[in-house]
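For reference, the chains in residue letters:
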Amino acid sequence: MNKVLIAWVGNTDLKASRGKHEAGLGPIGQAVSQRTFTHVALLSNFSKEDEKRFVEWIRKRTSATIGLYHMELSSPTDFGEIYEAAANTVSDVKKRFNTGDIKITYHLSPGTPAMAAVWIILSKTSYPAELIESSLEKGVKTVSLPFEISADYVPDILKPPDDEILKLTQGLSPESPEFGAIIHRSKEMKRVIAQSRRLAAHDVPVLIQGESGTGKELFARAIHTTSQRKDGPFIAVNCGAIPPDLIESEFFGHKKGSFTGATSDTEGYFSNTDGGTLFLDEIGELPVPAQVKLLRAIQEEKITKIGSSKPESINVRIVAATNRNLIEDVESGRFREDLFHRIAVGVLNLPPLRDRHGDLDLIIDHVLEGINKNFEGTSGWKHKKLSAGARNIMHQHSWPGNVRELYNTLSRAAILIAGETIEADDMRDALLSTSQSPEEQETILNRSLGKGLSLPNILSDVARHYLKRAAKESRGNKTKMASLVGLPSYQTVTNWMNKYGIEE
């Protein structure tokens, strides 16, 4: 297991590296001397010279690899800047290491009180971890906090819009209600919305890329309703839901008698969308023959109905969306390169919910308010609210299904409880334990052959994954865990947990 220490470099640490005897080894030096870590991630807002000296000094005291993150802070007590720097560092560390094979420890002692407070908040919300502190008198010890810290207290980490967002929004009219309906405060979403508003003002095709549940159709509708085509129709088509033999008829229409079952003339999506926006959702699911015909229609701005020889002019803006990697599909021949370049004039990449720092609480509150309104007339319904513990559980989940998964999970939790408050156990029950993030699926199931692949390590990952799920579902009851994962007894469960470094 990778054991990672993450800490801010403090003044006492720098004094220790300069040989100041009153500083001893300093908090970080104490930690790496008394405990074993495989990697140490250091955050610092000191000068590059001080940082270099300290890294060289600490390397002599540990066999762990050292990673340094230089952070430009306007103040070492700016809560928002510190929170953003710390959260981004932890996220980067988790991406660099196998997320199923890592134990993270935050050091509270180095740095300012604001830095320590942020570690406490992260440990109880988005990024659970062990907390330690150190002193010359008592050495290094684990900090146990006997209370819940609510995710409500996570600060608003947003500062005024950065330079890129300001440039993107220059010359645009005030934000429209359509984009205002997209719940957000993160700079990640502010940037995407600014890009969307600029694209809305230009009548070009747009490709929206993002995981399932990230709101691709919501953005497509907002682009349409703020564009010069806002008075025209908006038609959404799920390309993956159309049978291959009906795609041409659905897109371009047909004449009566052109095939069996064609009992009347029928307009297709292109004709019905004339003067408006055609939203082609999951465009990557279209078979290649259909892609050829779609490309011709977009290029020539003309369609020909099945059973007709007369082309018809069309005036349609294409907004397409996909959760696939179309670049990879182009390389494999699954998607035509010429069609890709035709639809990807403007490209939007929607961030997954787990990367929208600061948005989760806003969305939770908005969704829960909507659920309460939807059910307020139902017999026996009580207005639901979230406990701090339940909210923290939601912060610790990776939300692979994004906002759609969050909505379904919160609805499930609200419906299943009889009382008013959704507690932590209620939220655990509502979460689908089989959900895995794309990163987890890549880690466990989809590694490339060769390139350092280790079958024993993969088997270890799988064992840890299911043991942790079983421990969560059984509330730590090892007899029940044994039955859940097919082991013969609770003693065997104990042996497996020890073997794979899973703490009880």
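One can find the structure itself at the top, above this paragraph.
Residues numbered from 1 in each chain as written. Predicted model: local features only at pLDDT ≥ 70, side-chain atom pairs only at ≥ 80, totals over all residues. Heavy atoms only, no water.

### Topic: the overall build of the protein
Helix and strand content of the protein: 22 helices and 15 strands. Out of the 504 residues in the protein, the part that is buried amounts to 47%. Partitioning the intrachain contacts of the protein with sequence separation of at least 6 by distance along the chain shows that 73% fall at a separation of at least 24. Within the structure as shown, the protein displays about 24,800 Å² of accessible surface, and the carbon and sulfur contribution to it stands at 50%. (Helix = DSSP H or I, 4+ residues; strand = E, 2+ residues; numbered from the N terminus. Buried < 20%, exposed > 50% of the residue type's maximum accessible area, 1.4 Å probe, protein only. Contact = heavy atoms within 4.5 Å. Areas by Shrake-Rupley, 256 points an atom, 1.4 Å probe, with all protein chains shown as cover.)

### A look at the packing of helix H15 (residues 360-375) against helix H16 (residues 388-396)
At a minimum axis separation of 11 Å, H15 and H16 run at an interaxial angle of 125°. What the angle tells us is that H15 and H16 run oblique. H15 and H16 meet at a crossing whose hand is right-handed. Packed against H15, whose contacting residues are Leu360, Asp361, Ile364 and Asp365, the element H16 presents Arg391, Met394 and His395 at the interface. Its residues assigned to classes, the contact of H15 with H16 shows three nonpolar, one polar and three charged. (Axes fitted to C-alpha atoms, helices over the stretch in contact; angles between N-to-C directions. Parallel < 35°, antiparallel > 145°, perpendicular 65-115°, else oblique. Left-handed = near helix turned anticlockwise from the far one by under 90°. Nonpolar A, V, L, I, M, F, W, Y, C, P; charged D, E, K, R; others polar.)

### Side note on the sheet that holds strand E9 (residues 277-281)
Reading across from one edge, E8-E9-E12-E7-E13 is the order of the five strands in this open sheet, with parallel pairing throughout. Whereas interior strands pair on both sides, the edge strands pair on one side only; in this sheet they are strand E8 (234-238) and strand E13 (346-349). On average, adjacent strands in this sheet sit at an angle of 15° to one another, irrespective of strand direction. Of the pairings in the sheet, the one linking strand E7 (residues 206-209) to E13 comprises four bridges and is parallel in character. Each residue of the ladder has a partner; that of Ile208, found in E13, is Leu348. Those strands touched by helix H8 (residues 187-200) are E7, strand E12 (317-322) and E13, and its axis lies near 160° from that of E13. (Pairing = 2+ DSSP bridges.)

### Section: the packing of aromatic side chains
All told, the structure shown has nine aromatic pairs when counted by the stated rule. Seen from their ring centres, Phe251 and Phe270 are 6.1 Å apart, and the 85° between their planes marks the pair as edge-to-face. Taken together, the residues Phe251 in helix H10 (residues 247-252) and Phe270 in helix H11 (residues 269-272) connect sequence positions 19 residues apart. Exposure class is identical for Phe251 and Phe270. Each is buried. Taken together, the ring pairs in this structure connect Phe251, Phe252, Tyr269 and Phe270 into an aromatic cluster. Sitting over the ring of Trp381, Lys384 keeps its end group 4.8 Å from the ring centre. (Phe/Tyr/Trp six-rings, centres within 6.5 Å; stacked < 30°, edge-to-face > 60°. Lys NZ or Arg CZ within 6 Å of the ring centre and 35° of its normal.)

### Points about the environment of Leu406
In this fold, Leu406 is placed in helix H17 (residues 402-416). Overall, the relative accessible area of 0% leaves Leu406 in the buried class. Separated by 39 residues in the primary sequence, Leu406 and Val367 have C-alpha atoms spaced 8.4 Å apart. With residues up to four places along the chain from it excluded, the contact list for Leu406 reads Leu353, Leu360, Ile363, Ile364, Val367, Met394 and Trp399.

### A short note on H8
Note that an α-helix has 3.6 residues per turn; residues three or four places apart therefore point the same way. For H8, with 14 residues, the first-to-last C-alpha span of 20 Å sits near the 20 Å given by 1.5 Å per residue. For H8, the buried fraction is high: ten of the 14 residues fall into the buried class. Looking only at H8, the buried set comprises Glu188, Met189, Arg191, Val192, Ile193, Ala194, Ser196, Arg197, Leu199 and Ala200. (Expected span 1.5 Å × (residues − 1).)

### Some words on the packing of helix H2 (residues 26-34) against helix H3 (residues 48-59)
Running from N to C, H2 and H3 cross one another at 25°; their axes reach a closest spacing of 11 Å. Classified by the angle between their axes, H2 and H3 sit roughly parallel to one another. As H2 runs across H3, the sense of the crossing is right-handed. Residue-level contacts link Ile28, Gly29 and Val32 of H2 to Phe54, Trp57 and Ile58 of H3. Looking at the contact of H2 with H3 residue by residue, the classes come out as five nonpolar, one polar and no charged.

### Examining the side chain of Asp359
With respect to the secondary-structure elements, Asp359 resides in the loop between E13 and H15. The class for Asp359 is buried, based on a relative accessible area of 0%. A polar side-chain atom of Asp359 sits 2.7 Å from the main-chain amide nitrogen of Ser186. Each residue touching Asp359, except ones within four places of it in the same chain, is listed here: Ile183, His184, Arg185, Ser186 and Met189. (Polar contact = N/O pair within 3.5 Å; in protein donor to acceptor, adjacent residues only side chain to side chain.)

### Considerations on the sheet that holds strand E3 (residues 65-70)
Judged by pairing direction, the sheet is mixed, and its six strands sit side by side in the order E3-E2-E1-E4-E5-E6 without closing on themselves. Looking at the sheet topology across the chains shown, the edges are occupied by E3 and strand E6 (139-142). Direction aside, the axes of adjacent strands within the sheet are offset by 25° on average. When strand E1 (residues 2-8) meets strand E4 (residues 102-107), the two strands line up parallel, connected through five bridges. Across the sheet, residue Ile6 finds its bridge partner in E4, namely Tyr106. Contacts between H3 and the sheet are confined to strand E2 (39-44) and E3, with E3 contributing the most and set at about 165° to the helix.

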